[in-house]
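Reading the structure
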Amino acid sequence: MTEDDTRALLVALAASLFARGFSVGSAGNISVRLPDGFLITPTNSSLGHLQPARLSRLDDGFHHVAGDKPSKEVFMHRAFYAARPECGAVVHLHSTMATAVGCLPDVNPDNPIPPLTPYFVMRVGRRMPVLRYYRPGDPAMEPAIAAAAREARAVLLANHGPVVSGRTLTDAVYAAEELEEAAKLFLLLRGADARLLSPAQVEDLLSTFG
Ligand code: 13P
């Protein structure tokens, strides 16, 4: 894929997320790895109205080299790239259901959303921890995210929203969408005696689909 193709794909996926309500206003940011650096959405931009040529271009060291001023959450994305060598893209959203789960004080902080459906397990993995609240743009979250990301493809920032990684941009977006749907199911089923996937079924999914 050329850089122009990657820019066009990022803009199209972001617009699709925005159109379907996964992001509102200027919330959320998306980054993708290039052979010689990264693209990230500009700060204060709407995911619904990005322009390919204005995406922020970062070098290998995450320094801004072209395009509009980058998201203030660059270090949130950097934490995932540093912790997960296979990571090719990162999506941060304030999607409603996942953020709602991150506002509940009584969930299991190590893994609040249980394995209800196969696609949540296949896309997000066996575990997604909740990290404590940090002010948006607070660099103190970088080491906390990096530590958690060594063991998890996604984290949920308390009272803020999910951060999801993937091998590719499409993988990361699909995982963020599955996470939002799983959070919705979790909230719908709160208090019900829902049947979960068994540990053996979870391991079967992970060994079959990676
Ligand atoms: P940016 O506009 O700087 O990307 O920040 C948006 C956001 O989602 C903060 O968490």
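Structural data are supplied above this passage.
Residues numbered from 1 in each chain as written. Predicted model: local features only at pLDDT ≥ 70, side-chain atom pairs only at ≥ 80, totals over all residues. Heavy atoms only, no water.

All right, on to helix 7 (residues 199–209) then. The set of residues buried in helix 7 consists of V202, L205 and L206. One side of helix 7 carries all its buried residues, which in axial view fall inside an arc of 95°. Exposed side chains of helix 7 directed beyond 90 degrees from the buried face belong to A200, S207 and T208. At its buried positions, helix 7 is contacted by helix 4 (118–124). (Buried < 20%, exposed > 50% of the residue type's maximum accessible area, 1.4 Å probe, protein only. Helix = DSSP H or I, 4+ residues; strand = E, 2+ residues; numbered from the N terminus. Arc of directions from axis to C-beta. Contact = heavy atoms within 4.5 Å.)

Let us now look at the pattern of salt bridges. In the structure shown here, the tally under the stated rule is eleven salt bridges. Across the salt bridge formed by D106 and R190, the nearest N and O atoms sit 2.9 Å from each other. Of this pair, D106 sits in the loop between helix 3 (96–101) and helix 4 while R190 sits in the loop between helix 6 (169–188) and helix 7; the two residues are 84 residues apart in sequence, bridging distant segments of the chain. (Salt bridge = Lys/Arg side-chain N within 4 Å of Asp/Glu carboxyl O.)

Pairing is mixed in the open sheet, where eight strands are placed in the order 4-3-2-1-5-8-7-6. Only two strands of the sheet have a single neighbouring strand rather than two, namely strand 4 (64–66) and strand 6 (130–131). Inspection of the sheet shows strand 7 (residues 154–157) paired to strand 8 (residues 161–166) by four bridges, in the antiparallel sense. Residue V155 lies in a different strand from strand 8, and its bridge partner there is V163. Sheet strands touched by helix 2 (residues 74–83): strand 1 (29–34), strand 2 (37–40), strand 3 (56–58), strand 5 (89–92), strand 7 and strand 8. Its angle to strand 1, the strand with the most contacts, is close to 45°. (Pairing = 2+ DSSP bridges. Axes fitted to C-alpha atoms, helices over the stretch in contact; angles between N-to-C directions.)

The subject of this paragraph is the site of the ligand. Close contacts around the ligand come from S26, A27, G28, N29, T43, N44, S71, K72, E73, H92, H94 and H160, and that covers them all. At a separation of 2.7 Å, an oxygen atom of the ligand approaches a polar side-chain atom of S71. Here the ligand has 300 Å² of accessible area as a free molecule, and 96% of this is covered by the chains. Broken down by class, the residue content of the shell around the ligand amounts to one nonpolar, nine polar and two charged. (Near = heavy atom within 4 Å. Polar contact = N/O pair within 3.5 Å; in protein donor to acceptor, adjacent residues only side chain to side chain. Areas by Shrake-Rupley, 256 points an atom, 1.4 Å probe, with all protein chains shown as cover. Nonpolar A, V, L, I, M, F, W, Y, C, P; charged D, E, K, R; others polar.)

Next up on the list: a nonpolar patch on the surface. Together, L185, L188 and L189 give the surface a local cluster of nonpolar side chains, amounting to about 260 Å² of exposed area. You can see L188 is positioned in helix 6. (Patch = residues over 30% accessible without salt bridge, like charges linked within 9 Å, V, L, I, M, F, W, Y side chains within 5 Å.)

Time to look at the environment of L116. Structurally, the position occupied by L116 is in the loop between helix 3 and helix 4. In contact with L116, not counting residues within four places along its chain, are A182, L185, F186, L189, A194, R195, L196 and L197.

Most of strand 1 sits inside the fold, with five of its six residues counted as buried. Pairing analysis gives four bridges linking strand 1 to strand 5, with the strands arranged antiparallel. Residue pairing in the sheet places N29 in a bridge with H92 of strand 5. Following strand 1, the chain reverses through two residues before pairing antiparallel with strand 2.

I30, I113 and L179 are the most contacted members of the largest nonpolar core, which totals 38 residues. Secondary-structure elements contributing two or more residues to this core are helix 1 (3–19), strand 1, strand 5, helix 3, helix 4, strand 7 and helix 6. Per element, the largest residue contribution to this core is nine residues, and it comes from helix 6. For L179, the contacting residues outside a window of four places in its chain are A98, I113, F120, V124, M128, P162 and V164. Residues F38, F62, A83 and L157 belong to the second largest nonpolar core, which totals 23 residues. (Core = buried A, V, L, I, M, F, W, Y, C linked by side-chain atoms within 4.5 Å.)

As a further point, take the packing of aromatic side chains. For the structure on display, the rule yields three aromatic pairs. Ring centres of F38 and F62 lie 4.3 Å apart, and the angle between their planes is 20°; this geometry places the pair in the stacked category. With F38 in strand 2 and F62 in the loop between strand 3 and strand 4, this residue pair connects regions lying 24 residues apart in the sequence. Plain terms: the ring middles of F62 and Y81 are 6.1 Å apart, the flat faces sit at 40° to each other, and that makes the pair tilted. Of this pair, F62 sits in the loop between strand 3 and strand 4 while Y81 sits in helix 2, placing them 19 residues apart in sequence. Y81 carries the same exposure label as F62, and that label is buried. Taken together through their ring pairs, the aromatic side chains of F38, F62 and Y81 make up a single cluster. Cation over ring: R132 sits above Y134, and NZ or CZ is 3.9 Å from the ring centre. (Phe/Tyr/Trp six-rings, centres within 6.5 Å; stacked < 30°, edge-to-face > 60°. Lys NZ or Arg CZ within 6 Å of the ring centre and 35° of its normal.)

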